[in-house]
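Observations on the three-dimensional arrangement
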Amino acid sequence: MAEPLGRALDSVKAYKKHVIYVTPSGKPFTQKKAQELSQKDEIVLVCGRYEGIDQRIIDLYVDDEISIGDYVMSSGELAATVIVDSVYRLVENVITPESLDEESYSDGLLEYPQYTHPAVYKDMSVPAVLTSGNHEEIRKWRLKKRLQKTLANRPDLIASARMQGLLTTEAEKMIEEIAEQVSLKHARKKRRK
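Every chain begins its residue count from 1, and numbering advances along the sequence as written. In keeping with the model being predicted, local features are shown solely for residues with a pLDDT of at least 70 and side-chain atom pairs are shown and tallied solely at 80 or more, while totals for entire chains, interfaces and linings include all residues. Note that the side-chain values use all heavy atoms of the structure and ignore hydrogens as well as water.

**A word on helix α9 (residues 169-192)**
Heads up, the condition is: In this text, helices come from DSSP runs of H or I with a minimum length of four residues, and strands from runs of E with a minimum of two, each type numbered from the N-terminal end. By this rule, a helix spans an expected 1.5 Å times one less than how many residues it contains. Exposed residues in this analysis have more than 50% of their type's maximum accessible area, buried residues have under 20%, and partly exposed residues fall in between, with area computed by a 1.4 Å probe over protein chains only. Contacts: residue pairs with any heavy atoms within 4.5 Å of one another.
Here α9 is 24 residues long and its end C-alpha atoms lie 35 Å apart, about the 34 Å a rise of 1.5 Å per residue gives. Among the residues of α9, Ala171, Met174, Ile175 and Ile178 are the ones counted as buried. Elements that come into contact with the buried residues of α9 comprise α7 (135-153) and α8 (155-163).

**Quick notes on the packing of α7 against α9**
Two measures define how a pair of helices packs: the angle their axes make with one another and the distance between the axes. Which entries qualify depends on this criterion: Here the axes come from fitting lines to C-alpha atoms, over the contacting stretch only for helices, and the angles between their N-to-C directions go from 0 to 180 degrees. In these notes the angle categories are as follows: under 35 degrees is roughly parallel, over 145 is roughly antiparallel, 65 to 115 is roughly perpendicular, and the rest is oblique. Note on convention: near helix rotated counterclockwise from far helix by under a right angle means a left-handed crossing. Clockwise means right-handed. Each residue receives one of three labels: charged for Asp, Glu, Lys and Arg, nonpolar for Ala, Val, Leu, Ile, Met, Phe, Trp, Tyr, Cys and Pro, and polar for the others, Gly being one of them.
Orientation of α7 relative to α9, taken along the N-to-C sense of each, is 60 degrees, at an axis distance of 10 Å. When the axes of α7 and α9 are compared, the pair comes out oblique. Crossing of α7 over α9 shows right-handed handedness. Side by side, α7 and α9 meet where Arg139, Lys140, Leu143, Lys144, Leu147, Gln148 and Leu151 of the first sit next to Glu170, Ala171, Met174, Ile175, Ile178 and Gln181 of the second. The residue inventory of the contact of α7 with α9, partitioned by class, reads seven nonpolar, two polar and four charged.

**A look at the sheet that holds strand β3 (residues 64-67)**
For clarity, the threshold we go by: Between any two strands, pairing holds if DSSP finds at least two bridges.
An order of β2-β1-β3 is seen for the three strands of this open sheet, with the pairing classed as parallel. Taken across any chain shown, the strands that pair with only one partner, and hence form the sheet edges, are β2 (43-47) and β3. Within this sheet the neighbouring strands show an average axis-to-axis angle of 45 degrees, counted without direction. Bridge analysis of strand β1 (residues 18-28) against β3 gives five bridges, and the strand direction is parallel.

**Quick word on the pairing of β1**
For the record, the criterion: Consider the strands pointing away from the viewer: the crossover is right-handed when the path from the first strand over the helix to the second runs clockwise.
Alignment of β1 against β2, held across five bridges, turns out to be parallel. In the sheet register, valine 19 faces β2, and the bridge partner there is valine 44. Taken together, β1, helix α2 (residues 31-37) and β2 constitute a β-α-β crossover, and its handedness is right-handed.

**Comments concerning the packing of α7 against α8**
Direction vectors running N to C along α7 and α8 enclose 115 degrees, while the axes themselves pass 5 Å from each other. On α8, the residues that touch Leu147, Thr150, Leu151 and Asn153 of α7 are Pro155, Leu157 and Ile158. When grouped by side-chain class, the residues that make up the contact of α7 with α8 number five nonpolar, two polar and no charged.

**Focus: the packing of aromatic side chains**
Both the distance between ring centres and the angle between the ring planes are used here to describe each pair of aromatic rings. Rule in force here: Aromatic pairing here means that ring centres of Phe, Tyr or Trp (its six-membered ring) are within 6.5 Å. Orientation follows from the plane angle: under 30 degrees is stacked, over 60 is edge-to-face, and everything else is tilted.
Taken as a whole and judged by the stated rule, the model has one aromatic pair. Relative to tryptophan 141, the ring of tyrosine 115 has its centre 6.3 Å away and its plane inclined at 55 degrees; by these criteria the two rings are tilted. Here tryptophan 141 lies in helix α7 and tyrosine 115 lies in the loop between α5 (97-100) and β4 (120-121), a separation of 26 residues in the sequence. Relative accessible area serves as the criterion here: at 15%, tryptophan 141 is assigned to the buried category.

**Focus on unusual backbone geometry**
With an omega of 5 degrees, the peptide bond running from histidine 117 to proline 118 counts as cis. Structurally, proline 118 can be placed in the loop between α5 and β4. Positive phi, close to 75 degrees, is recorded for asparagine 93, a residue that is not glycine. A relative accessible area of 73% places asparagine 93 in the exposed class.

**A short note on the environment of histidine 186**
With respect to the helices, strands and loops of the structure, histidine 186 is situated in helix α9. Residue classification places histidine 186 among the partly exposed residues on the basis of a relative accessible area of 48%. C-alpha separation for the pair histidine 186 and leucine 166, spaced 20 residues apart in sequence, amounts to 29 Å.

Put into structure tokens, the structure is as follows:
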């Protein structure tokens, strides 16, 4: 109902804050949007239930309508939690900037695989390059793995990164090499059949 929700928003002085309505019909939530929201002083998240909230509340109070994906849930609380978790970690001094540099979506690509201890787990070893101490080779390996994962899982991100000029000459060369390897793999697979 409009009246109790309006009173709740008035009580927190929502007119002075950035109000987000979490809804499946909102604009897609992205890393870029999370970064933008992390710069806001205060955010109010409004969660609907079942059919949503009264349109008049949206018209009077809401600055952003955000969706966390192309699906519907019974209410917006879980979606609001996703937004909170994605945004707070980008607030200055919550996480070191270096830790955020190569995360998925930080520069248009997905993140490279992570390895921990022990060095060998169920006969599977950490890639030798990662324990080599050669920082340049580690950087190249990580870039190649990021490109491989992005090409396999989200090729649309590669197209977008190209359009934005985010891919280096080195990355483009690696993409060509990866595409050749994939083509050869598919050709071998066809010959076996």
